[in-house]
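Structural description and commentary
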Amino acid sequence: MVKICCIGAGYVGGPTMAVIALKCPDIEVVVVDISSPRIAGWNSDRLPIYEPGLDDVVKQCRGRNLSFSTEVHRHVGDADIVFVSVNTPTKTCGLGAGKAADLTYWESAARMIADVSVSDKIVVEKSTVPVKTAEAIEKILAHNGRGFSYQILSNPEFLAEGTAIRDLLSPDRVLVGGRRDTAAGSAAVDLLAGVYARWVPQDRIITTNLWSAELSKLAANAFLAQRISSVNAVSALCEATGADIAEVAHSVGKDARIGSRFLSASVGFGGSCFQKDILNLVYICECYGLPEVASYWREVIRINDYQKSRFVNRVVSSMFNTVAGKKVAVLGFAFKKDTGDTRETPAIDVCKGLLGDKAVVSIYDPQVAGEQVARDLAMNKFDWDHPRHLQPLEQLSATDLEKQVAVAADAYEAAKDAHAVCILTEWDEFRGLDYRRMFQGMQKPAFVFDGRNVVEVAKLREIGFVVYSIGKPLDDWLKDMPAVA
Ligand code: NAD
Ligand code: UDX
């Protein structure tokens, strides 16, 4: 029986290994992590991450051929294939701070593999890493290994949160990069590709050299984020001209060369990947002496920051240029629907922008706990991590947070006595809310600022709301109060 061990029981390691275990009952899969609360969560009835369909998959395999453990050394030591799925955040200090990937966790995982191995191994990069990382890992293993042989493969993960199980069960492609020019490298590529071939059609399994696989992941995320920044840039022009971004995106996306998916205008993209991976790409380009390429990709993040500040400025300017002391309901805090993940969520920047203008914010999200909201808003963001158009906000004291931020049990409680409702996550339940009931309980004029295009604008205007929806023709009210971005 082949044994797979995955280092890192996070948003990628957990679901990915659960699906491998589901599809390969003859393979023993162990997911290890240094965080004991995380492992305890995976071993409980309340999994540490919310992901539709994940509970079912874990229930089917846990205790059969899937386990979660903090005994990192033991399981890494005797595994045949070791996936490394640790976090690779943006460096916050030192060389490349604010751009380069912080490979501290990666390097310590690699050194640990070398220290504890009791057999030859295939080491799989599952984390998103800078191109050429495999070379660094090979060096660490070659210099510290005790006579065992290692094959390094790059097998980046393309799942999106909220649809992780669907993406893993039916991926657009699986990418395996390795040293196919050597017999051992080629055998390793075939072995890993063979694992996926148990459920993924052969024509969706792509094998490449190591550097192509590593770079493809960064490039794919950059292309995806670029689409959103493109549609968001056009949304600003729609508001200025009376065009409707939904109609424009539909017409543009009908061109088969462009395609209709991933063209929803929004308050900005969030999540742990897009910004981090583009910054990393920018840094790599600079390191290779390609400043023009670096600045091309940097613009994708600039437009995203612009979109978030544009939204905040629109809210404040529409409400007589001040939100001081006004209650503002924030519906949705997660970075997208169907996840409780708040990493880099645009809601943090929007809330901080509103709090900077002294608003009283009442937040409701079906999957984000109050403690998480408090942690996120108390966090001191780095300069490079803050939209430059927003006033830099001093770190909020615990007392300010208590005075200015509340977490509501539902959307109606959040909107009670509020001057405005801001929709920041496209949760399905926000489409079906009783907006008439909400309107009745709000201060007048009552505003809705829809950062996700989920409400029916005409219906809400009929109720009496002043409505702003990203990229949609503006209310006369809003036309009279142009937002300065
Ligand atoms: P995460 O923070 O949720 O999980 C990483 C886990 O690794 C943590 O639980 C941490 O405790 C553990 N860890 C760190 N160092 C360790 C060590 N030395 N030994 C054992 N455990 C260790 O991160 P994530 O969202 O799962 O992302 C992991 C990687 O996958 C990143 O490189 C990310 O860019 C990439 N990725 C993420 C997504 C996504 O949707 N989240 C999608 C594709 C790729
Ligand atoms: C992304 C990639 O899609 C995935 O392939 C990669 O493995 C990890 O990074 P994720 O960040 O989980 O996945 O979610 P995604 O669906 O890509 O959304 C990212 C952000 O973009 C979210 O904030 C989302 O709301 C926003 N978005 C997405 C838009 O604003 N408009 C769109 O049309 C699509």
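Preceding this section is the structure that the text describes.
Just so it is clear, the structure is predicted and the values come from calculations on it, not from any experiment.

**Observations regarding the packing of helix H11 (residues 274-287) against helix H12 (residues 291-318)**
Helix packing for two helices is described by the angle between their axes and how far apart those axes are. One can describe the packing of H11 onto H12 by two numbers: an axis separation of 8 Å at closest approach and a directional angle of 165°. Classified by the interaxial angle, the pair formed by H11 and H12 is roughly antiparallel. H11 and H12 meet at a crossing whose hand is left-handed. Contacts between H11 and H12 pair Gln-275, Ile-278, Leu-279, Leu-281, Val-282, Cys-285 and Glu-286 from the former with Val-293, Ala-294, Trp-297, Arg-298, Val-300 and Ile-301 from the latter. Residue composition of the contact of H11 with H12, by class: ten nonpolar, one polar and two charged.

**Remarks on the site of ligand 2**
In the region of ligand 2, 20 residues are neighbours, and Leu-159, Glu-161, Ser-266, Phe-335 and Arg-452 sit closest. A distance of 3.4 Å separates an oxygen atom of ligand 2 from a polar backbone atom of Glu-157. In the model, an oxygen atom of ligand 2 is placed 2.6 Å from a nitrogen or oxygen of the Ser-266 side chain. When the free accessible area of ligand 2 is taken as 660 Å², the share hidden by the protein chains comes to 90%. In terms of residue count, the dominant contributor to the shell around ligand 2 is helix H9 (residues 210-241) (four residues). Looking at the shell around ligand 2 residue by residue, the classes come out as eleven nonpolar, four polar and five charged.

**Some remarks on the pairing of strand E4 (residues 81-84)**
Side-chain alternation along E4 places Ile-81 and Phe-83 on one buried face and Val-82 and Val-84 on a second face that is also buried. Pairing analysis gives four bridges linking strand E1 (residues 3-7) to E4, with the strands arranged parallel. Among the inter-strand pairings, Cys-6 is bridged to a residue of E4, identified as Phe-83. In terms of strand pairing, E4 meets strand E5 (residues 121-125) through four bridges, oriented parallel. Opposite Val-84, over in E5, you have Glu-125 as the bridge partner.

**Points about the state of the cysteines**
This model, assessed by the stated rule, comprises zero disulfides. We note that Cys-24 lacks a disulfide partner, and the nearest cysteine sulfur, in Cys-61, lies 9.9 Å from it. By relative accessible area, Cys-24 is classed as buried at 0%. This cysteine, Cys-287, is not joined by any disulfide, and Cys-285 carries the nearest cysteine sulfur, 9.2 Å off.

**What to know about unusual backbone geometry**
Generally, phi is negative for residues other than glycine and the peptide bonds are trans, each holding for most cases. Cis rather than trans, the peptide bond between Lys-444 and Pro-445 has omega equal to -5°. Within the fold, Pro-445 resides in the loop between helix H17 (435-440) and strand E13 (447-450). Here the phi dihedral of Phe-262 falls at roughly 65°; this positive angle occurs in a residue that is not glycine. Mapped onto the fold, Phe-262 is located in the loop between helix H10 (245-253) and H11. Look at Phe-262 and you get partly exposed, because its relative accessible area is 39%. Positive phi, close to 55°, is recorded for Glu-344, a residue that is not glycine. Tracing the backbone through its elements, the reader meets Glu-344 in the loop between strand E9 (327-331) and helix H13 (346-356). Judged by relative accessible area, Glu-344 falls into the partly exposed class, the value being 25%.

Reading guide: rules and limits
- Residue numbering note: each chain is counted from 1, following its sequence as written.
- To read the labels, note that chains go from A and ligands from 1, taken in the order they are written.
- The model is predicted, so local features are restricted to residues of pLDDT at least 70 and side-chain atom pairs to those at 80 or more, both for listing and for counting; the totals for chains, interfaces and linings are taken over all residues.
- Side-chain measures here rest on the full set of heavy atoms in the structure, leaving out hydrogens and waters.
- Axes, fitted as lines to C-alpha atoms, cover a helix only where it is in contact. Angles between the N-to-C directions of the axes lie from 0 to 180 degrees.
- Comment: elements are numbered from the N terminus, with helices defined as DSSP H or I runs of at least four residues and strands as E runs of at least two.
- Throughout this description, any angle smaller than 35 degrees is read as roughly parallel, any larger than 145 degrees as roughly antiparallel, any in the 65 to 115 degree range as roughly perpendicular, and the remainder as oblique.
- Note on convention: near helix rotated counterclockwise from far helix by under a right angle means a left-handed crossing. Clockwise means right-handed.
- Contacts between residues were defined by any pair of non-hydrogen atoms, one from each residue, lying within 4.5 Å.
- Amino acids outside the nonpolar list (Ala, Val, Leu, Ile, Met, Phe, Trp, Tyr, Cys, Pro) and the charged list (Asp, Glu, Lys, Arg) are all regarded as polar, and Gly is one of them.
- We call a residue near a molecule or strand whenever a single non-hydrogen atom of that residue lies within 4 Å of it.
- A 3.5 Å cut-off defines polar contacts: any pair of N or O atoms within that distance qualifies, except that in protein one atom must be a possible hydrogen donor and the other a possible acceptor, and neighbouring residues in sequence count only when both atoms are side-chain atoms.
- Values of accessible area rely on a 1.4 Å probe in the Shrake-Rupley scheme; residue burial ignores everything except the protein chains shown.
- Partly exposed residues are those whose accessible area sits between 20% and 50% of the maximum for their type, while under 20% is buried and over 50% is exposed, using a 1.4 Å probe and protein chains only.
- Strand pairing is assigned whenever DSSP detects at least two bridges linking the two strands.
- The disulfide criterion is simple: two cysteine sulfur atoms within 2.5 Å.

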